[in-house]
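# Structural overview for review
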Amino acid sequence: MIQFSGVHKWFKQLHVLNDINLRITPGEVLVVCGPSGSGKSTLIRTINQLEPINEGKLVVDGMDLLDKKTDINKLRAEIGFVFQQFNLYPHLSVLSNITLAPLKIRKMQKKEAEEQAMTLLARVGLAEKRDAYPSQLSGGQQQRVAIARALAMKPKIMLFDEPTSALDPEMIGEVLAVMQGLAGTGITMVVVTHEMGFAREVAHRVAFMDHGVVLEEAKPEEFFRNPQHERAQQFLKQLLSPMH
Amino acid sequence: MLTYQFDWSVVTSGKYFEWLVSGFKVTLQLSVVGIVLAFIVGLLIAVMRMSNFRPVRWFALAYLEFFRNTPLLVQIFFWYFGSYKILPTAVNDWLNSTNFEFAAAVIALTIYTSAFIAEDIRSGVLSIPREQMEAARSAGFSYLRSMQYIILPQAVRITVPPLVNQFLNLAKNSSLAMTIGVMELTYQARQVESYTFKGFEAFTAATVVYLVLSTSITALVHIYDKRVLNPNRAV
Ligand SMILES: Nc1ncnc2c1ncn2[C@@H]1O[C@H](COP(=O)(O)OP(=O)(O)OP(=O)(O)O)[C@@H](O)[C@H]1O
Ligand SMILES: [Mg+2]
């Protein structure tokens, strides 16, 4: 579904992605973790070309991202992206946030788009907020709407970049629960997160990044029980210690 | 000792009153058509100014610099006296069969004001967080569609106060159209004055009408802003 082969990326002198080789199969849930600045966001953002790559090959859903003939807008419509800061459209109601892309890109009928939006809102537990504006919602509610908005395009792939890091602790659970509900439905998920509980329970695989390199890839039970690299051991120790 | 005899009846009834009314109608037409067109052209130029495609960006930049930095009166004269010298005969014939003064005035007011509106909208766009564009692009919207559905609607909402200013400027500047013979309010007030020598009354009446027009434009935009654009805006 997603295949990185020898992918490099630089920001000026800074080598942010260094020879990434990663294969994500359809329906798989991959959690990406690693210290701050290690390139996790950059990695996930290359998948829908919010960040273009400089070298190597990246194939997403059968489309080569370096191929000039690839219609990037069409590809992006198949990929949902959930941001750390939610990024809902503040001038639109919750319902319109969700129906905008289906109406304008998928050319869906209004009635159908709204029914679908209501189904999704019910699924994330926010049916009664259909007419609210983003500024009237809590962070956790906004993030659940953002997930519903992404799902409205019926994406094959969902990308999450630290979806719970901007949330108050009491709201993290509600968002993770929605994400957990998605896993195993056939949708391919790449999740950048430090929520190790989620990684342990939901992920099929964990990738650990450091300094632009994927240092380690393993099933969660192996990764947590017996991390291979010293950097990963340190990272986990810091993360799991109560004082972090 | 004041020897001037006030005669307000000149401007409140009869033939001269009707002149003023017809002048007001023309001013209103100039203003409404001008505001609508200037807003649309302003949006287009703002988007072109931010284009990644250099020729388009440069065209917009030249447009802005040129029309903001030359006097409106010169621009009006240009469109009225100058433009037909370079237009094909067929176009000229057609223009002459229509109300050419009015058209030239609308073109000049539209273009002049659109340059200011474009800059206001552009600064509105620049103040929208970059993440909004990212969210729109991630959903699969092209750059222009993202602008249309996500960025510009937000930018216009925060640009309302400067936009009101530009709309008022346009309405007031429409009085310059009298110089090319458009029979708008100032032109008619001048006519009334030259027929009756009641200049004080005539121009007082015109002033009051301009005030009412400006106040109405401000009120209409604010009502639209409150009802449609920003129902949740504080104050
Ligand atoms: N647009 C950019 N221009 C220049 N440098 C950038 C840009 N975006 C990221 N970087 C740099 O690239 C490196 C990797 O950034 P990235 O955001 O991918 O890290 P991250 O692993 O997501 O970190 P965090 O956990 O803090 O989100 C960092 O050193 C960052 O400062
Ligand atoms: Mg990041």
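Small disclaimer: the values here were computed from a predicted structure and weren't measured.

### A look at the overall build of chain B
The helix and strand inventory of chain B stands at 11 helices and 0 strands. Its helices and strands in sequence order give chain B the pattern α-α-α-α-α-α-α-α-α-α-α, from N to C terminus. With respect to the principal axes defined by its C-alpha atoms, chain B has extents near 75 × 50 × 30 Å. Looking at chain B as a whole, 47% of its 235 residues qualify as buried. Measuring between centres, the 18 positive side-chain charges of chain B sit 9 Å from its 13 negative side-chain charges.

### Considering the site of ligand 1
Residue and element names in this part refer to chain A. Residues in contact with ligand 1, as listed here, are Phe 11, Leu 14, Val 16, Pro 35, Ser 36, Gly 37, Ser 38, Gly 39, Lys 40, Ser 41, Thr 42 and Glu 162. Contact distances for ligand 1 include 2.6 Å between an oxygen atom and a side-chain N or O atom of Ser 36. Note that an oxygen atom of ligand 1 is positioned 2.7 Å from one of the side-chain N or O atoms of Ser 41. Starting from 630 Å² of accessible surface for ligand 1 in isolation, the protein chains cover 59%. Listed by contribution, the elements that provide at least two residues to the shell around ligand 1 are strand 2 (14-24) and helix 1 (40-47). It is helix 1 that contributes the most residues to the shell around ligand 1, 3 residues altogether. In terms of residue class, the shell around ligand 1 is made up of 4 nonpolar, 6 polar and 2 charged.

### As for the sheet that holds strand 10 (residues 213-218) of chain A
Residues and elements named next belong to chain A. Sheet architecture is open: 6 strands sit in the order 6-7-8-3-9-10, paired in mixed fashion. The open sheet terminates on both sides in strands that have one partner only, identified here as strand 6 (79-82) and strand 10. Between one strand axis and the next, the sheet turns through 15 degrees on average, direction left out of account. Of the strands in this sheet, strand 3 (29-33), strand 6, strand 7 (157-161), strand 8 (188-192) and strand 9 (205-210) touch helix 1, which is tilted by about 155 degrees from strand 7.

### So, the nonpolar core
By size, the foremost hydrophobic cluster in this structure holds 94 residues, and its most contacted members are Ile 2, Phe 4, Ile 20, Val 60, Tyr 89 and Val 190 of chain A together with Phe 141 of chain B. The element best represented in this core is helix 6 (residues 100-126) of chain B, accounting for 14 residues. What Phe 141 of chain B contacts, discounting residues up to four positions off in sequence, is Asn 73, Tyr 89, Leu 100, Ala 101, Lys 104 and Ile 105 of chain A together with Ala 136, Ser 146, Tyr 149 and Ile 150 of chain B. Membership of the second largest hydrophobic core comes to 51 residues, among which are Val 94, Leu 126, Leu 167 and Ala 218 of chain A.

Rules behind the numbers
Residues numbered from 1 in each chain as written. Chains lettered and ligands numbered in written order. Predicted model: local features only at pLDDT ≥ 70, side-chain atom pairs only at ≥ 80, totals over all residues. Heavy atoms only, no water. Helix = DSSP H or I, 4+ residues; strand = E, 2+ residues; numbered from the N terminus. Buried < 20%, exposed > 50% of the residue type's maximum accessible area, 1.4 Å probe, protein only. Lys, Arg positive; Asp, Glu negative; His and termini not counted. Charge placed at Lys NZ, Arg CZ, Asp CG, Glu CD. Near = heavy atom within 4 Å. Polar contact = N/O pair within 3.5 Å; in protein donor to acceptor, adjacent residues only side chain to side chain. Areas by Shrake-Rupley, 256 points an atom, 1.4 Å probe, with all protein chains shown as cover. Nonpolar A, V, L, I, M, F, W, Y, C, P; charged D, E, K, R; others polar. Pairing = 2+ DSSP bridges. Axes fitted to C-alpha atoms, helices over the stretch in contact; angles between N-to-C directions. Contact = heavy atoms within 4.5 Å. Core = buried A, V, L, I, M, F, W, Y, C linked by side-chain atoms within 4.5 Å.

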